[in-house]
Every structure is written in C-alpha cells, then in structure tokens.
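Analysis of the macromolecular model
Chain by chain, the residues:
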Amino acid sequence: MRPKDDEERWQKKQVRTAIERAKRNGKIFIILPFIVAGELLNNLNQGDIERDIKQEIVGELFKILEDEKIDLKPAKADALKLAASIKDQDRLLGDTDLLIASQALCDIHSIHLLIHDRKIIESEKIAEVEREMPERLNELKISDSIK
C-alpha cells in the first residue's frame, strides 16, 4: 500500500492496472485471498509505522474491498489440500504463496494469478499439477505483471 522501493511501486502499479481492467470489463472479477489481507495487516503490525499511517493504510484496504469487482475469499479445504500436496513434492515453495497459488488453481474460473514470488511463477511442479486438473476451464497465467 505504501511502496518503499521500485519493486514495490511496480507491484502496486500492477494491482491498480488489474483493478482498472476489472472496472472496465464486466466479465473480470478480482479475488483477493484472505491470507493476503492477513499478511498486509501482520506486516503493518510488525513494522515501525506510525499509528495514523497504519489507520490510513487499513482505510485504503477497506476502500478497495468495497468495490463490487473485488471479493475477499478464504482458502477452502481443496486449496489447503492441494498446497500440502505440492509442498510435499517441492519444499522450496513458500507456504503462504503456495496457498495463494493453490487457491487460484482450485478456482476453475481463474485465469491470472498476479504474484511476485519467482519460485511460484517459475514452478514446474505447479504447472504440472495444473495440467492434471481437467476441471479447470482456462490455463492459469501466473506472473508478476498485467500485460
């Protein structure tokens, strides 16, 4: 929400681009995994940030979530099971980002996962698991940018 460097500014721009596209296209909806909101709040509480700035950032998050094109969703049991299965096969993938990817994979309508973790983006195991999911309606594009 408050970028500290060029990478974070890039990430914020990509999120804003995704939101703008969703607003222009009636068929696009954004799912914000609940764990992402939790990470944001946890990072705010762990960081050395003044109280009024924390409140402003949380207010920005709530404003984003008020948009009817954005839905905050928890991971369901199928995503948790999938994440655990993938983790058993590839220990290098981080737990939180793997759960986010698994949640996207288990949503048969998802088409793009915007994430900055290179291990997730480049994971052959995740790509292999997706190919073994015949119920998916579209291939999931996992990237750090909206193109």
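Quick look at the structure, then. (Residues numbered from 1 in each chain as written. Predicted model: local features only at pLDDT ≥ 70, side-chain atom pairs only at ≥ 80, totals over all residues. Heavy atoms only, no water.)

Notes on the overall build of the protein
Note the following rule: For the purposes of this entry, the term helix denotes a DSSP run of H or I that reaches at least four residues, the term strand denotes a run of E that reaches at least two, and both are numbered from the N terminus. Atoms counted for the radius of gyration: C-alpha only. Globule rule: 2.2 Å times the number of residues to the power 0.38. Any two residues whose heavy atoms approach within 4.5 Å at even a single point are treated as in contact. Each accessible area is a Shrake-Rupley result for a 1.4 Å probe, and residues are judged covered by the shown protein chains and nothing else. Here the positive residues are Lys and Arg and the negative ones are Asp and Glu; neither His nor the chain ends is included. Where a charge sits is defined by one atom per residue type, namely NZ (Lys), CZ (Arg), CG (Asp) or CD (Glu).
On a plain count of helices and strands, the protein comes out with seven helices and four strands. Shown N-terminal to C-terminal, the secondary structure of the protein runs as helices and strands in the order α-β-α-α-β-α-α-β-α-α-β. Taking 15 Å as the expected radius of gyration for a compact globule of 147 residues, we find that the protein reaches 16 Å, a close match to that expectation. Projected onto its principal axes, the C-alpha coordinates of the protein cover approximately 45 × 35 × 30 Å. Long-range contacts, defined as pairs at least 24 residues apart, comprise 68% of the intrachain contacts of the protein with a sequence gap of at least 6. For the protein, the exposed area adds up to about 9,900 Å²; of that, 52% sits on carbon and sulfur atoms. Across the protein, 26 positive and 30 negative side-chain charges occur, with their mean positions spaced 4 Å apart.

Looking at the packing of aromatic side chains
Note the threshold: For Phe, Tyr and Trp, where Trp contributes only its six-membered ring, two rings pair if their centres lie within 6.5 Å, and the inter-plane angle classes them as stacked under 30 degrees, edge-to-face over 60, or tilted in between. Distance and angle both matter: a charge sits over a ring if NZ of Lys or CZ of Arg is within 6 Å of the ring centre and within 35 degrees of the ring normal.
Per the stated rule, a full pass over the model turns up zero aromatic pairs. Here Lys-69 stacks its cationic end above the ring of Phe-29, 4.1 Å away from the centre of that ring.

Some details on the pattern of salt bridges
To keep things clear, this is the line we draw: When a carboxyl oxygen of Asp or Glu lies within 4 Å of a side-chain nitrogen of Lys or Arg, that pair is called a salt bridge. Relative accessibility thresholds used throughout: buried, under 20% of the residue-type maximum; exposed, over 50%; partly exposed, between the two (1.4 Å probe, protein chains only).
For the structure shown, the criterion picks out six salt bridges. Its salt-bridge partner being Arg-9, residue Asp-6 comes within 2.9 Å of it at the nearest N-O pair. Of this pair, Asp-6 and Arg-9 both sit in helix α1 (residues 6-24), separated by three residues, roughly a single helical turn. On the basis of relative accessible area, Arg-9 is assigned to the partly exposed category, the value being 42%. Beyond isolated ion pairs, a larger network of salt bridges with shared partners links Arg-118, Glu-122 and Asp-144.

Brief notes about a positive patch on the surface
For the record, the criterion: Each patch is built from salt-bridge-free residues with over 30% relative accessible area, joining like charges within 9 Å and nonpolar side chains (Val, Leu, Ile, Met, Phe, Trp, Tyr) within 5 Å.
Where like charges cluster on the molecular surface, the positive patch consists of Arg-21, Arg-24, Lys-141 and Lys-147. Inspection of the secondary structure assignment puts Arg-24 in helix α1. Relative accessible area serves as the criterion here: at 64%, Arg-24 is assigned to the exposed category.

Quick word on the environment of Leu-61
Among the structural elements, Leu-61 can be located in helix α3 (residues 51-65). Leu-61 gets classed as buried once you look at its relative accessible area, which sits at 7%.

Some details on the environment of Ala-75
Assignment of secondary structure puts Ala-75 in the loop between β2 (70-73) and α4 (77-89). When the C-alpha atoms of Ala-75 and Ile-35 are compared, they prove to be 8.0 Å apart, with 40 residues separating the residues in sequence. Ignoring any residue separated from it by four or fewer positions in sequence, one finds Ala-75 in contact with Leu-99 and Gln-103.

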